[in-house]
Amino acid sequence: MLLTITNTTPAATDLGFLLHKNPARLHTRDLPFGRAHVFYPKAGNDECTAALMLEIDPVGLVRGRSSQNGEGGPLDQYVNDRPYVASSFMSVAIGRMFATAMSGRCKDRPELVDTPLALRVSLPVVACRGGKPFLKKLFEPLGYSIETEQLELDTAFPEWGASPYHSVTLAGTCTVHDLLSHLYVLIPVLDDEKHYYVGADEIEKLLRHGDGWLQGHPERDEIAHRYLKHHRRLTRMALARLVEEEAADPDVEVAVQDVEEAETERSLSLNEQRLSAVLHQLKTSGAKRVLDLGCGEGRLLKLLLKDIQFSSITGMDVSVRALETASERLGLSRLPERQRQRLTLIHGSLMYSDSRLKSHDAAAVVEVIEHLESYRLAAFERVLFEFAQPARIVLTTPNVEYNILFETLPAGRLRHRDHRFEWTRAEFRAWGDRIGAQFGYSVEYFPVGPEDPIHGAPTQMAVFSQ
Ligand code: SAH
């Protein structure tokens, strides 16, 4: 399996600096599925070609079977096309051999990183499901001109017809960093057959390497779909994030809606009652290190800061705007050093395991889950209950049965336009009981706010304890 990258912008051998591979040497590295080599068949001032050759060990791939819990190795036959066609193995090799270039760094000549060069890429054998039209759709919007030739199945037997394989040459003027990102994402998309398990961290890879170009690509949905190997849930999550990033200014929208929600609930000063109920549960657990997940503008953080029992307080939110407001409201920059050290604000999402959430005694998740798409709840559950795993989790959400009692809320409307769902008490209990059983927490439920004999209280709170 071979990939060559040619630079024709003088001094062409700058390619060696950018790839962090000296043109005068052979660079070899063992990978889990074979061995990769980088060398330069040509290294002149006008033209310089770097070749990445990958020797796949097909026998080793199959032997992997027994060592992987009897589940089967990456491939189940000794004879297959994997050693010869550019596939996700090639992507992994690009990532390993050109890691520094892919991260956009160049130690010796940093000014080269952002310099567009006249580049040509050749992939002698590519498996392309969707053929030439799909190849063009993928690469032309990124500014490449593309030449392809469909290979015969067997040159000795022309009557057998064409194979599914193509030889591909791409030419364009771009940075080496962009070129590598495009290849890294799109080679497995072409091949449409990933060799490794596709998990949630693949979304991170896709978004990281697709940064700056995938969002606006006309084939964005198909690329995400294929890259994540037709994994519908993952694809939806990835697309949702790309779309989120695209939205004009979601924070402004949410801020307007927050005012509306506050108006609906104001008569009860429900917010204060909710926060004091949550605070009470955190305090009685004896927690010292606490998390406020989806901390918004920091109302709970303010109360936590006032209580010295809480020696380490971390607020996390997906919205940078909310975090900035929280920082302002709490007067972070004016706090004395010792107070400031107790509080950390972090930008992050509850959809992704984050090591910063580990080693805490308790977590509050106040009026957040109803903002998550219900199909994303499973990811949130694992991130919090399985990965971060604090001993106590205090979680609140609206009780939809109570909505009928809000005078200003039209029938059937949720309290906030950004709410994806609101649960009845029975629905909340069914969810909480399932989560408790699944992750080994006991659960208690509490009403928060004035309780109506028929419709219950406006807010419902679950307290999970390990
Ligand atoms: N807990 C706060 C804010 C509730 S509003 C309070 O009670 O005042 C819901 C908050 O959840 C918003 O600030 C929103 O930005 C945040 N949020 C929504 N989705 C999130 C996610 N995936 N990860 C982290 N925070 C999220």
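Attention in this report is confined to the structure presented alongside it. (Residues numbered from 1 in each chain as written. Predicted model: local features only at pLDDT ≥ 70, side-chain atom pairs only at ≥ 80, totals over all residues. Heavy atoms only, no water.)

Structural notes on the site of the ligand
Thought 1: Taken together, 15 residues form the shell around the ligand, and within it Gly294, Arg299, Asp317, Leu350 and Val366 come nearest.
Thought 2: A distance of 3.1 Å separates an oxygen atom of the ligand from a polar side-chain atom of arginine 299.
Thought 3: The contact in question runs from a nitrogen atom of the ligand to an N or O atom on the side chain of serine 349, over 3.3 Å.
Thought 4: Taken by itself the ligand offers 570 Å² of open surface, and the protein chains cover 88% of this.
Thought 5: Split by residue class, the shell around the ligand holds 6 nonpolar, 6 polar and 3 charged. (Near = heavy atom within 4 Å. Polar contact = N/O pair within 3.5 Å; in protein donor to acceptor, adjacent residues only side chain to side chain. Areas by Shrake-Rupley, 256 points an atom, 1.4 Å probe, with all protein chains shown as cover. Nonpolar A, V, L, I, M, F, W, Y, C, P; charged D, E, K, R; others polar.)

Let's talk about the pattern of salt bridges
Thought 1: Applying the stated rule across the entire model yields 17 salt bridges.
Thought 2: Aspartate 30 is the partner of arginine 35 in a salt bridge, and the nearest nitrogen-oxygen pair spans 2.8 Å.
Thought 3: Under the relative-accessibility criterion, arginine 35 is labelled partly exposed at 38%.
Thought 4: Aspartate 30 gets classed as exposed once you look at its relative accessible area, which sits at 53%. (Salt bridge = Lys/Arg side-chain N within 4 Å of Asp/Glu carboxyl O. Buried < 20%, exposed > 50% of the residue type's maximum accessible area, 1.4 Å probe, protein only.)

Focus on the side chain of glutamate 422
Thought 1: Looking at where glutamate 422 falls in the secondary structure, it is placed in the loop between β12 (392-398) and α16 (425-439).
Thought 2: A distance of 2.6 Å separates a polar atom in the side chain of glutamate 422 from a polar atom in the side chain of histidine 419.
Thought 3: What glutamate 422 contacts, discounting residues up to four positions off in sequence, is Pro398, Val400, Asn403, Leu414, Arg415, His416 and Glu427. (Helix = DSSP H or I, 4+ residues; strand = E, 2+ residues; numbered from the N terminus. Contact = heavy atoms within 4.5 Å.)

With respect to the packing of helix α11 (residues 270-284) against helix α12 (residues 299-306)
Each packed pair of helices is defined by two parameters, the angle between the axes and the distance between the axes.
Thought 1: It is the contact of α11 with α12, at a shortest axis distance of 10 Å, that shows an interaxial angle of 45 degrees. Here α12 runs oblique to α11, going by the angle between their axes. In this structure, α11 crosses over α12, and the sense of that crossing is right-handed. Along its contact with α11, which presents Asn271, Leu275, Val278, Leu279 and Leu282, the element α12 presents Arg299, Leu300, Leu303 and Leu304.
Thought 2: Among the residues forming the contact of α11 with α12, the class breakdown is 7 nonpolar, 1 polar and 1 charged. (Axes fitted to C-alpha atoms, helices over the stretch in contact; angles between N-to-C directions. Parallel < 35°, antiparallel > 145°, perpendicular 65-115°, else oblique. Left-handed = near helix turned anticlockwise from the far one by under 90°.)

A closer look at the pairing of strand β2 (residues 27-31)
Thought 1: With 5 bridges joining them, β2 and strand β3 (residues 34-43) adopt antiparallel strand pairing. Bridge assignment links threonine 28 to a residue of β3, and that residue is histidine 37. (Pairing = 2+ DSSP bridges.)

Points about the sheet that holds strand β1 (residues 2-7)
Strand-to-strand pairing in sheets goes through backbone hydrogen bonds, with the strands running parallel or antiparallel.
Thought 1: Strand order in this open sheet of 7 strands is β2-β3-β4-β1-β5-β7-β6, and the pairing throughout is antiparallel. Looking along the sheet, the strands with just one partner apiece sit at the ends: β2 and β6 (145-152). Along the sheet, successive strands turn relative to each other by an average axial angle of 15 degrees, direction set aside.
Thought 2: Across 7 bridges, the pairing between β6 and strand β7 (residues 162-174) is antiparallel. Within the sheet, the bridge partner assigned to glutamate 147 lies in β7 and is threonine 169.

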